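Residues per chain, in single letters:
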Number of protein chains: 4
Amino acid sequence: MIKVSVVGAQGRMGSHVVDAVNAASDAELALALDAGDDLTAITPENTDVVVEFTVPSVTLGNVLTLIAQGVDVVVGTTGWTDEKLDAVRAALAQAPREGQSVFIAPNFAISAVLADYFARLAAPYFESAEVIELHHPDKVDAPSGTAIHTAQGIGAARAKAGLGAVPDNTQTDGGSRGQVVDGVHVHAVRLRGLNAHEEVLFGNAGEQLVIRADSFDRGSFMPGVLLAVRKVASGEFPGLTVGLDHFLDL
Amino acid sequence: MIKVSVVGAQGRMGSHVVDAVNAASDAELALALDAGDDLTAITPENTDVVVEFTVPSVTLGNVLTLIAQGVDVVVGTTGWTDEKLDAVRAALAQAPREGQSVFIAPNFAISAVLADYFARLAAPYFESAEVIELHHPDKVDAPSGTAIHTAQGIGAARAKAGLGAVPDNTQTDGGSRGQVVDGVHVHAVRLRGLNAHEEVLFGNAGEQLVIRADSFDRGSFMPGVLLAVRKVASGEFPGLTVGLDHFLDL
Amino acid sequence: MIKVSVVGAQGRMGSHVVDAVNAASDAELALALDAGDDLTAITPENTDVVVEFTVPSVTLGNVLTLIAQGVDVVVGTTGWTDEKLDAVRAALAQAPREGQSVFIAPNFAISAVLADYFARLAAPYFESAEVIELHHPDKVDAPSGTAIHTAQGIGAARAKAGLGAVPDNTQTDGGSRGQVVDGVHVHAVRLRGLNAHEEVLFGNAGEQLVIRADSFDRGSFMPGVLLAVRKVASGEFPGLTVGLDHFLDL
Amino acid sequence: MIKVSVVGAQGRMGSHVVDAVNAASDAELALALDAGDDLTAITPENTDVVVEFTVPSVTLGNVLTLIAQGVDVVVGTTGWTDEKLDAVRAALAQAPREGQSVFIAPNFAISAVLADYFARLAAPYFESAEVIELHHPDKVDAPSGTAIHTAQGIGAARAKAGLGAVPDNTQTDGGSRGQVVDGVHVHAVRLRGLNAHEEVLFGNAGEQLVIRADSFDRGSFMPGVLLAVRKVASGEFPGLTVGLDHFLDL
């Protein structure tokens, strides 16, 4: 049994993680902590892996503390920059236990991770590519971080393949052509009833490839969180790993 | 047999009309004219209905000439304004033959016309509504005239039903939320391989309604053109009629 | 305020209705009854409208009892036959209060009701039509009652329009062409993650019309239930009404 | 310049190949042969690569003749069995020129090939998987060979990953659940206006992944044919290669 502690256990995502750990046959809940609790209560004796779902302003501090405590960490909080990731790498280099792991993922939905991965693979083979993300209307940012990541991946793959700009003879535009991210047009739909969805369209003369990921509710993230917990607990991924695609056999 | 003359017969659309008339069992081709030809060769003796597919700069003049010739006209050319429509109405009021008809449609694809009509019907029942149009990358305007028309219809139906603005808590936007037409966000995708497509999304808590029209090629307009020819030839629609939905039994 | 009693208040749907009534600004919960409770506790003094969500084996008896009690009823239970509907009509003819109403709907999701209605309207204008329904894998029947209803509506509309059979030159088939309902091929997908979805495809040469209704959770039925409660309470629909489309301004 | 001869040059596909070769900047048409022509006119002196699009009854004979002539062959004709492929391998082992290549592909549309490949990659990560193929109504077989191939790939990937049967509690079925291929339900839609389309649906609790390939016309196959011609001409793929995915950098 993998002993899992949860930091941010009363949050929207954290409470789902607690339920998912309790429901898993190969994991058991150790500590469930939230804001104000002392993270040093988490030790290698009571915990194998910590799952951290808090807020961008505190997550780096939490992770550094947990590294110093000698435990592995799976992080679902967003807002990571290259500087913050470097701080994690530096801390891991001086971690008390050999082979300690930190795993950070911007998205734990397997469908979204696969869509993003397939989009990068497909990008070199199509003249055109656009991204449409669709979310509930209470989401405050647009486009979504996932859509930006997908567009960046497509843009990089096109550049590597020597493709030029996507064909687009539109001469006038009052905004309908969306936001251009690394040469890829990204559209954001906000619609009551939806949760989190992404559609990637690729086109050549006479053909289209569509890759769509639908996340209907937060429960969709739990298989990905449990997969990360198991991979981190296996000890096969020492150091910092970013992105759930590293844990899929692709 | 309905005797059909075609003006703009060598154009992209007009040549399809010639083929469609030749293939129809209840219509036969009378005159096939193009730029430079004398429209007064068209008379009630040789022609029941004229199909006019030319360019915005000449269509009004053509239609006025054809009204004076005493024949009914089906117009597929775009670019009509309220002023131009009024000029057609005035000419029809003094037409040489009683009950003369002019029919003008911005879109002859039955799927697109139905999608537009259904969108207006559905609009009062949903909190959210957005429009995505998708076209080949050589189209120069965005969003499409059809998408603007659909968004205007949704906006008017929402207003009539007393609905407020669509819910949207997006705080930052680099353009991904599209162009707002009468309160409805409209997105334009340009993708090689596509022709002309429109998708209307409606959302309430827990549910979504999607209406999508795909026009894969210009042949998709011909059933609508022939329907218009038959309706105009029936004599049941004297005066000016705008929009193919008037000829559908909805 | 409309006084609403709920029969089947502890069931999956009934408990949502209780919540929806409590949340509505123009309705208030009167009695919440379930199996074993005495329905004669419901009277015109304490209740304007009863919402009945139970099981097919008891719903007719419940409705007859409630009619005799002099209250209006909105029924969401399925399994109604022509014989059962006739029994309701007969009881209403002898109801104690003038203008008493019973409303029965096979589906309260507005998106699904509109999709079904639009499919009937569109059917006369297309050579081809097929229906795909998609549900969670725990649904025991296939195709769904909604999909059968939609296919029947398309079949009737095609027959009325004088359309022949859909074109289909498939010579061999191991079952992939689906179940044929009134001449319309119906396909049933069962997929974890989905709830209740229906897609209707119409095709002509060069064009396609797609109408899709997604019900992501049971909450999607509540706007329709509340609409029905309000319409029944208005007194404008005496007698038996079947189908939510009668309450939409289409 | 790659010298390309076409066998079946007057056929539906072959005539497109002739056009595509003429339009390519790095290829030129050598011989264009059809039924009744003598294939031994094709020699290494006048031809680098032959593209063969004929019919299943003659393709094996054509390929064996062309191997004996010492030229490389790209084959788009369908109907290949393991026995026929073995015959090609045996002939290649005794080919007159060292490193001679034969490439056979059931599908040259890059979108379809990628969809099939991505479906195999994604399959281990989802509880549910179903395939819907959609074609014009003049297609005589159902489901399509591409859909069967995709379903077989998903079934094999599920078996390798130790997944059991897809969840499905449907108790009654009049055919709506489709044809089961290696444990995967496959549905075939026939709709006027469509050409060749495939949609693969994957589901987990709370999430869905959809991969869709649309081939709108035969021109969609030409980029894949030219890619195959270039790869075969490169000399890097001696012997028999089956499937365009071998020529994509995945």
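- Where an unreviewed UniProt entry is consulted, chain A appears under the name 4-hydroxy-tetrahydrodipicolinate reductase, with the organism given as Bifidobacterium anseris.
- Under the UniProt heading Function (unreviewed entry), the note attached to chain A is "Catalyzes the conversion of 4-hydroxy-tetrahydrodipicolinate (HTPA) to tetrahydrodipicolinate."
- Taken directly from UniProt, the Subunit (unreviewed entry) text for chain A runs: "Homotetramer."

**Quick look at the side chain of D:Thr241**
All names here are of chain D.
Moving on, step 1. In this structure, Thr 241 sits in strand β11 (residues 239-242).
Moving on, step 2. Exposure remark for Thr 241: the relative accessible area of 11% places this residue in the buried category.
Moving on, step 3. Setting aside its immediate chain neighbours within four residues, Thr 241 contacts Val 102, Phe 103, Ile 104, His 246 and Phe 247.

**Things to note about the relation of the copies chain B and chain A**
Both copies of the chain are related through a single rotation about an axis accompanied by a shift along the same axis.
Moving on, step 1. For these two chains of identical sequence, chain B goes onto chain A by a turn of 180 degrees and a shift of 0.0 Å along the axis, with RMSD 0.1 Å. The transformation just described matches what one would write down for a two-fold rotation axis.
Moving on, step 2. A share of 100% of the interface residues of chain B reappears at the interface of chain A, consistent with the copies meeting face to face through the same patch.

**Remarks on the packing of helix α1 (residues 12-23) of chain B against helix α6 (residues 222-233) of chain B**
Residue and element names in this part refer to chain B.
Moving on, step 1. Running from N to C, α1 and α6 point in directions that differ by 65 degrees, and their axes come no closer than 10 Å. Overall, the two elements α1 and α6 adopt an arrangement that is roughly perpendicular. Note that α1 runs across α6; the crossing there is right-handed. Here α1 contributes Met 13, His 16, Val 17 and Ala 20 to the contact with α6, which in turn contributes Met 222, Val 225 and Leu 226.
Moving on, step 2. Class assignment for the residues of the contact of α1 with α6 results in six nonpolar, one polar and no charged.

**Describing the UniProt feature "domain: Dihydrodipicolinate reductase N-terminal" (unreviewed entry) in chain A**
Moving on, step 1. Taken from the UniProt record, the annotation "domain: Dihydrodipicolinate reductase N-terminal" (unreviewed entry) applies to residues 2-108 of chain A.
Moving on, step 2. Helix makes up 36% of residues 2-108 of chain A and strand 23%, whereas the separation of the span's terminal C-alpha atoms amounts to 19 Å.

**Details of the environment of D:Ala156**
Moving on, step 1. When you line up the elements, D:Ala156 lands in helix α5 (residues 145-160).
Moving on, step 2. Note on D:Ala156: relative accessible area 48%, which makes it partly exposed.

Procedures and definitions
- Residues numbered from 1 in each chain as written.
- Chains lettered and ligands numbered in written order.
- Predicted model: local features only at pLDDT ≥ 70, side-chain atom pairs only at ≥ 80, totals over all residues.
- Heavy atoms only, no water.
- UniProt positions renumbered as here; feature names shortened; annotations may be inferred.
- Helix = DSSP H or I, 4+ residues; strand = E, 2+ residues; numbered from the N terminus.
- Buried < 20%, exposed > 50% of the residue type's maximum accessible area, 1.4 Å probe, protein only.
- Contact = heavy atoms within 4.5 Å.
- Least-squares fit on C-alpha atoms with pLDDT ≥ 70 in both.
- Axes fitted to C-alpha atoms, helices over the stretch in contact; angles between N-to-C directions.
- Parallel < 35°, antiparallel > 145°, perpendicular 65-115°, else oblique.
- Left-handed = near helix turned anticlockwise from the far one by under 90°.
- Nonpolar A, V, L, I, M, F, W, Y, C, P; charged D, E, K, R; others polar.

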